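Each chain is listed here by its residues.
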Amino acid sequence: MSYEAYNDDSLGFATKQLHAGYNPAEHNRSKAVPIYQTAAFELGDYDRCVRLFSYAEEGHSYVRFSNPTNAVLEKRIAALEGGAAALSMASGMAAISNAFLNLARSGDEIVAVTTLYGGSTTLLSSILPQYGVIGRFVEDGNDIRAYERLITGKTKAIYLESLGNPGMNIVDMEEIAELAHRHGVPLVVDNTFATPYLFRPFDHGADIVCYSATKYLAGHGTVIGGLVVEKGGFDYRNGRFPQMEQFYDEYKDSIGGEELRKTLFTKRLRIVYLTDLGAHMSPMQAFFLLQGIETLSLRMERHTENARKIAVFLDDHPAVKQVAYPGLPSSPYYALARRYFPRGAGAILSIRLKGGREKALAVLKKVRVFDYMVNVGDAKSLIVHPASSTHFGQSAAQQEAAGVYNDMLRLSVGIEDAEDLINDLKRALD
Ligand SMILES: *Cc1c(COP(=O)(O)O)cnc(C)c1O
């Protein structure tokens, strides 16, 4: 076969999710991507060892920083995302935290929104500050001037989520990307709830995308994993990132200046942080993720179709005070959803109940098809009370800033029969 589907950028999303980045001819013609279950690789001879360790030759030596199974996953997600390079990490939080470490040093700041995944908020508000990296929070993510007011010479990134958790809020990404670039700062986006099938942040100005691959990319609630993807082309040698310039000078001769300029963020993330902090994904996890991604488009279509039906049903139900789903015309984010999410506004939604916390807990007790779990993005439908779980321990003010209330339930809509899901909620709500 001479046709090389693994390397054809003109192919569509569904074709790429099955073929991109994997050439069987390089792996004994195994049709499935092999799991390289080894801790290390033979170096061959002295000269090759030196080329590997100076990064003059691409290859694998030790699995804390690279593995051929992971390399296929990295190429595949980069192809689906329209990015230049990617890195596979042990979890979503490993991906996000290492991305920040790569961008910011002691004394630096990250500008972020308040409506973030709980772990990301904790990272920026209490963990990184212990090392001198401070998160600066924008109260209203849709107020562009609020971002601008926080940007200083110390700012090293703007960080937000394409679909906020759990309020499913949407920002005007192109406007924020333009602002970031005007200040020489990259826009970093957590695209976990959307996946590249529903939304490709690079097409709208983002520079770095982070994933909790644990969710829709894996798709079946069986693995923990994270990914960082780089668009390529952001100028990290613009004077704001001395650590990037130093890295560039150190490696430009062995790696090559052109290649290094295109993927400087990813190269430094692997060579500095994967190598010495070691939060790499295991090859077995990478295999499960590749398996999940093969059906991503099909699952996301069904997820969003089910979510839309459920949102319409809930919006009409007398026990429901409010439905937060950007696909509903009543949502304040409806116009942004139509512009940025033509394939559907995801499959996570939250509801507030007229009967308050008591009613919310009663619904939790009564559902039979929805599972009571903190996870999201599983093929199975999940439900949770965020105030007592994912956002537990936060003050009422912090919860409110994140869009979390005592009378609120968050639903992650699965790919079951929509009718069964609606009947389940109807029984519980009635
Ligand atoms: C789950 C999640 C994370 C953290 O990912 P893990 O894989 O659990 O470490 C980060 N961001 C969002 C939006 C998430 O849903």
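Residues numbered from 1 in each chain as written. Predicted model: local features only at pLDDT ≥ 70, side-chain atom pairs only at ≥ 80, totals over all residues. Heavy atoms only, no water.

Draft legend 1. Spotlight on the sheet that holds strand S9 (residues 348-353). Taking strand neighbours across the sheet as the criterion, the five strands line up as S8-S9-S12-S11-S10 in an open arrangement whose pairing is mixed. The open sheet has two edge strands with one neighbour each: strand S8 (320-324) and strand S10 (371-372). Here strand S11 (residues 382-384) pairs with strand S12 (residues 408-412) via three bridges, running antiparallel. Paired with isoleucine 383 across the strands is leucine 411, a residue of S12. Contacting S9, S10, S11 and S12, helix H15 (residues 356-366) crosses the sheet at an angle of about 130° to S9. (Pairing = 2+ DSSP bridges. Helix = DSSP H or I, 4+ residues; strand = E, 2+ residues; numbered from the N terminus. Contact = heavy atoms within 4.5 Å. Axes fitted to C-alpha atoms, helices over the stretch in contact; angles between N-to-C directions.)

Draft legend 2. Region of the structure containing unusual backbone geometry. Within the chain, arginine 29 stands out as a residue other than glycine whose phi angle is a positive 60°. Position of arginine 29 relative to the elements: it lies in the loop between helix H1 (13-19) and helix H2 (46-53). Its identity as a non-glycine residue notwithstanding, methionine 168 has a phi of 55°, on the positive side. Among the structural elements, methionine 168 can be located in the loop between strand S4 (155-161) and helix H7 (173-182). Methionine 168 gets classed as buried once you look at its relative accessible area, which sits at 1%. (Buried < 20%, exposed > 50% of the residue type's maximum accessible area, 1.4 Å probe, protein only.)

Draft legend 3. Main features of the side chain of aspartate 424. Looking at the element boundaries, aspartate 424 is found in helix H17 (residues 418-429). The contacts of aspartate 424, once residues within four sequence positions are left out, are Val367, Arg368, Val369 and Phe370.

Draft legend 4. Quick peek at the environment of glycine 119. With respect to the secondary-structure elements, glycine 119 resides in helix H5 (residues 118-127). Accessibility expressed as a relative area gives 26% for glycine 119, which makes it partly exposed. For the pair glycine 119 and isoleucine 383, spaced 264 residues apart in the sequence, the C-alpha separation amounts to 19 Å.

Draft legend 5. Quick peek at the site of the ligand. Around the ligand, the surrounding shell consists of Ser91, Gly92, Met93, Ile96, Tyr117, Asp190, Thr192, Phe193, Ser212, Thr214, Lys215 and Gly225. Ranked by residues supplied to the shell around the ligand, first place goes to helix H4 (residues 92-103) with three residues. Per-class residue counts for the shell around the ligand are four nonpolar, six polar and two charged. (Near = heavy atom within 4 Å. Nonpolar A, V, L, I, M, F, W, Y, C, P; charged D, E, K, R; others polar.)

Draft legend 6. Expanded view of the pattern of salt bridges. In the structure shown here, the tally under the stated rule is 21 salt bridges. Arginine 270 is the partner of glutamate 74 in a salt bridge, and the nearest nitrogen-oxygen pair spans 3.0 Å. One end of the pair, glutamate 74, is in helix H3 (residues 68-81); the other, arginine 270, is in helix H11 (residues 264-277), with 196 residues separating them in the sequence. Taking relative accessible area as the criterion, glutamate 74 reaches 6% and is therefore assigned buried. Two residues, glutamate 174 and arginine 339, come together in a salt bridge whose shortest N-O distance is 3.2 Å. Of this pair, glutamate 174 sits in helix H7 while arginine 339 sits in helix H14 (residues 334-340), placing them 165 residues apart in sequence. A relative accessible area of 44% places arginine 339 in the partly exposed class. (Salt bridge = Lys/Arg side-chain N within 4 Å of Asp/Glu carboxyl O.)

Draft legend 7. Summary view of the nonpolar core. Grouped together as the largest cluster of nonpolar side chains are 126 residues, with contacts concentrated most on Ile158 and Leu314. Ranked by residues supplied to this core, first place goes to helix H13 (residues 296-316) with seven residues. A domain-level breakdown of this core finds at least three residues from each of domain 1 (5-292) and domain 2 (296-429). (Core = buried A, V, L, I, M, F, W, Y, C linked by side-chain atoms within 4.5 Å. Domains from an automatic or database assignment.)

Draft legend 8. Fine view of the sheet that holds strand S2 (residues 109-113). The seven strands are arranged S1-S7-S6-S5-S4-S2-S3 in an open sheet whose pairing can be described as mixed. Each having just a single partner strand, strand S1 (85-89) and strand S3 (134-138) make up the two edges of the open sheet. Neighbour-to-neighbour, the strand axes of this sheet turn through a mean angle of 20°, independent of strand direction. Pairing of S1 with strand S7 (residues 226-230) involves five bridges; the strand directions are antiparallel. Of the residues in S7, the one forming a bridge with leucine 87 is valine 228. With respect to the sheet, H11 is in contact with S1, strand S6 (208-212) and S7, its orientation differing from that of S1 by roughly 30°.

Draft legend 9. Up close: the domain arrangement of the protein chain. If you check the domain split of the protein chain, you get domain 1 (5-292) and domain 2 (296-429). Spacing between the C-alpha centres of domain 1 and domain 2 amounts to 28 Å. The partner domain 2 presents 38 residues to the 36 residues of domain 1 that form the contact. Summed over both partners, the interface of domain 1 with domain 2 buries about 3300 Å², with 61% contributed by carbon and sulfur atoms. Summed over the three residues of domain 1 that lose the most area to domain 2, namely Tyr197, Leu198 and Tyr216, the buried surface amounts to 25% of that side. Where domain 1 meets domain 2, there are two salt bridges. (Buried area = accessible area lost by both parts, 1.4 Å probe.)

Draft legend 10. Local environment of the environment of aspartate 378. Within the element layout of this structure, aspartate 378 appears in the loop between S10 and S11. The sequence separation of aspartate 378 and arginine 299 amounts to 79 residues, and the corresponding C-alpha distance is 9.9 Å. Ignoring anything within four residues of it in the chain, the contact list for aspartate 378 reads Gly219, His220, Gly221, His303, Ser412 and Gly414. Of the polar contacts made by the side chain of aspartate 378, one reaches the backbone nitrogen of lysine 380; its length is 3.0 Å. (Polar contact = N/O pair within 3.5 Å; in protein donor to acceptor, adjacent residues only side chain to side chain.)

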